[in-house]
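Residue-level structural notes
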Amino acid sequence: MSESKPLLRSLVPAAFAGVSAAAGQPRYRGDQLRHWVHGRGALAWDAMTNLPRAWRDDLAAAWDLAALEPEARQVSADGTRKFLFRLRDGHHVESVIIPMAHHATFCVSSQVGCAMACRFCATARGGLVRDLEPGEIIEQIQRLEADLVAVPMPGHGERSFNVVFMGMGEPLDAWDPLAAALAIMTDPDGLGMSKRRIQISTSGPREGLARLLAAAPGVGLTLSLGGADDESRRRLMPVPGRTPVAEAVDLAERYGRAAGRRVTVAWVLIEGRTDGLQQARTLARLLAGRPFKVNLIPMNPLHDDDLDRPARERTLAFQQVLTDAGVAAFIRESGGRDIDAACGQLRRRRTGA
Ligand code: SAH
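For clarity, every value in this text was computed on a predicted model and none was experimentally measured. (Residues numbered from 1 in each chain as written. Predicted model: local features only at pLDDT ≥ 70, side-chain atom pairs only at ≥ 80, totals over all residues. Heavy atoms only, no water.)

1. Some words on the site of the ligand
In the vicinity of the ligand there are 19 residues, among which Phe 120, Gly 169, Ser 201, Ser 224 and Asn 300 approach most closely. Within the contact set of the ligand, a nitrogen atom lies 3.0 Å away from a backbone nitrogen or oxygen of Gly 169. At 2.7 Å from an oxygen atom of the ligand is found a side-chain nitrogen or oxygen belonging to Ser 201. Burial of the ligand by the protein chains amounts to 96% of its free accessible area of 530 Å². Elements with a minimum of two residues in the shell around the ligand: strand E8 (198–202) and strand E10 (263–269). (Near = heavy atom within 4 Å. Polar contact = N/O pair within 3.5 Å; in protein donor to acceptor, adjacent residues only side chain to side chain. Areas by Shrake-Rupley, 256 points an atom, 1.4 Å probe, with all protein chains shown as cover. Helix = DSSP H or I, 4+ residues; strand = E, 2+ residues; numbered from the N terminus.)

Encoded structure:
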């Protein structure tokens, strides 16, 4: 609550030298501290056995070490694990571990709530509360990794994981904490992750895409479209829809070319809204011959309105139009539907929002 101290885990790698210097400690002490917090995911000061006890006490008086209180852990029939974390200010976020063919994927949140107001998404219902701090993003990953180590997923690459920013929030709307989290994740002495194992998913607001293009972090990009023409996209995604589809796709393509990676377009299939063959043809024309692939995600219904997924044949017909135009398209069922851990469903049961 209000007595919370600054979060040590939120510091970017370069800032730890300042922490040791301010305490009159030699530089290597700052490196040791960073190793505990970012590299080892330490959640208790007591764990930092190679640091002088007196300095640990001073640090504990000045900084918070943990920011997330695990409140619930649910396991789906398909092996997907969903975590509910309570933040220091009493708000909540969710994170998910999804078993993939050769690894686990960690789906993490970047904000409490979201300002994008997408009609098909549960997170949008309550609006935006705040951005997460870098340390709150990193701690989600570290707690998920600890869970994976404690309870491995046999046949899914044991301890190896990818991170996708597809949980609650619009990551490009939380640019500063996202950029800091990426720096910590890719720091060899931090989480030591390869850029190839990180994916940012965005609804594609112009300012965010422009910033991403300028910063060129080299991680993977997914652009969530939900409409191939401006009018239909704006109906379902009012805030991202302010950026014309053509412009969002152009910016994403430029980013992908600079990063040397194909960009994924995520398309939520909603019966009667985004599943029409005319939409499929418009989408195909937009993407044909360009470095994109399409993930078709049948909507996970929220049961508080009339939006639902189309019948299987409609989904296959939509996919066929894209394939015929030479656009690679895959149907993606999100895991954990039985525990409301699937795309767009996070936070439902708890808030009733
Ligand atoms: N704000 C970012 C990341 C969070 S949403 C983004 O928009 O990409 C992650 C993905 O879940 C997006 O592709 C979004 O379109 C999809 N999604 C949201 N609600 C959904 C729902 N009810 N069913 C299926 N997919 C959904």
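2. What to know about the side chain of Thr 105
Tracing the backbone through its elements, the reader meets Thr 105 in strand E4 (residues 104–107). Judged by its relative accessible area of 6%, Thr 105 is buried. Among the polar contacts made by the side chain of Thr 105, one reaches the side chain of His 103 at a distance of 3.3 Å. Not counting residues within four places of it along the chain, the set of residues in contact with Thr 105 comprises Val 96, Ile 97, Ile 98, Met 100, Asn 162 and Val 164. (Buried < 20%, exposed > 50% of the residue type's maximum accessible area, 1.4 Å probe, protein only. Contact = heavy atoms within 4.5 Å.)

3. Some details on the packing of aromatic side chains
What the rule picks out here adds up to 3 aromatic pairs. Ring geometry for Phe 83 against Phe 85: centres 6.1 Å apart, planes inclined by 10°, an arrangement best described as stacked. With a centroid separation of 4.3 Å and 10° between ring planes, the pair formed by Phe 106 and Phe 161 is classed as stacked. With Phe 106 in strand E4 and Phe 161 in strand E7 (residues 161–165), the pair connects residues that are 55 residues apart, well separated along the chain. Under the relative-accessibility criterion, Phe 161 is labelled buried at 4%. Residue placement shows Arg 197 over the ring face of Phe 161; its charged tip is 5.4 Å from the ring centre. (Phe/Tyr/Trp six-rings, centres within 6.5 Å; stacked < 30°, edge-to-face > 60°. Lys NZ or Arg CZ within 6 Å of the ring centre and 35° of its normal.)

4. Comments concerning the domain arrangement of the protein
We note that the domain assignment places domain 1 (8–62) and domain 2 (68–351) within the protein. Between the C-alpha centres of domain 1 and domain 2 the distance comes to 33 Å. Counting residues at the interface gives 12 residues for domain 1, matched by 14 residues for domain 2. Between domain 1 and domain 2, the buried area comes to about 960 Å², and carbon and sulfur atoms account for 55% of it. Looking only at domain 1, the three residues that lose the most surface to domain 2 are Arg 9, Ser 10 and His 38, adding up to 48% of its buried area. (Domains from an automatic or database assignment. Buried area = accessible area lost by both parts, 1.4 Å probe.)

5. Examining the packing of helix H6 (residues 206–215) against helix H8 (residues 245–259)
Put simply, H6 and H8 touch, their axes get as near as 9 Å, and they point 15° apart. It follows from the interaxial angle that H6 and H8 lie roughly parallel. By crossing handedness, the relation of H6 to H8 is classed as left-handed. Judged by residue contacts, Arg 206, Leu 209, Leu 212 and Leu 213 of H6 engage Glu 247, Ala 248, Leu 251, Arg 254 and Tyr 255 from H8. A breakdown of the residues in the contact of H6 with H8 according to their chemical character gives 6 nonpolar, no polar and 3 charged. (Axes fitted to C-alpha atoms, helices over the stretch in contact; angles between N-to-C directions. Parallel < 35°, antiparallel > 145°, perpendicular 65-115°, else oblique. Left-handed = near helix turned anticlockwise from the far one by under 90°. Nonpolar A, V, L, I, M, F, W, Y, C, P; charged D, E, K, R; others polar.)

6. Looking at the pattern of salt bridges
With the rule as written, the count across this model stands at 26 salt bridges. The residue Glu 139 makes a salt bridge to Arg 9 at a minimum N-O spacing of 3.7 Å. Of this pair, Glu 139 sits in helix H4 (residues 134–150) while Arg 9 is found in the segment before helix H1 (16–22), placing the two residues 130 residues apart along the sequence. Both residues of the pair, Glu 139 and Arg 9, belong to the buried class. Residues Asp 64 and Arg 88 are paired through a salt bridge, measuring 2.8 Å at the closest nitrogen-oxygen approach. (Salt bridge = Lys/Arg side-chain N within 4 Å of Asp/Glu carboxyl O.)

7. Examining helix H5 (residues 175–186)
Every α-helix carries 3.6 residues per turn, so stepping three or four residues along brings you back to the same face. The end-to-end C-alpha distance of H5, which contains 12 residues, comes to 16 Å, matching closely the 16 Å that a straight helix rising 1.5 Å per residue would cover. Taken together, the buried positions of H5 are occupied by Trp 175, Pro 177, Leu 178, Ala 180, Ala 181, Leu 182, Ile 184 and Met 185. Contact partners of the buried residues in H5: helix H2 (27–39), strand E6 (128–131), H4, E7, E8 and H6. (Expected span 1.5 Å × (residues − 1).)

8. As for the nonpolar core
Ranked by internal contacts, the top residues of the largest apolar core, which has 72 residues, are Phe 106, Phe 165 and Met 185. Once residues lying within four places of it in the same chain are set aside, the contact partners of Phe 106 are Val 96, Ile 97, Ile 141, Leu 144, Glu 145, Leu 148, Phe 161, Asn 162, Val 163 and Val 164. By size, the runner-up hydrophobic cluster in this structure holds 15 residues, among which are Leu 33, Val 37, Trp 45 and Trp 55. (Core = buried A, V, L, I, M, F, W, Y, C linked by side-chain atoms within 4.5 Å.)

9. Quick look at the environment of His 91
As for its placement among the helices and strands, His 91 is situated in the loop between strand E2 (81–87) and strand E3 (92–99). On a C-alpha basis, the gap between His 91 and Val 129 in space is 8.6 Å, while along the polypeptide they are 38 residues apart. Apart from residues no more than four positions distant in its own chain, His 91 is found in contact with Phe 85, Arg 86, Val 112 and Val 129.

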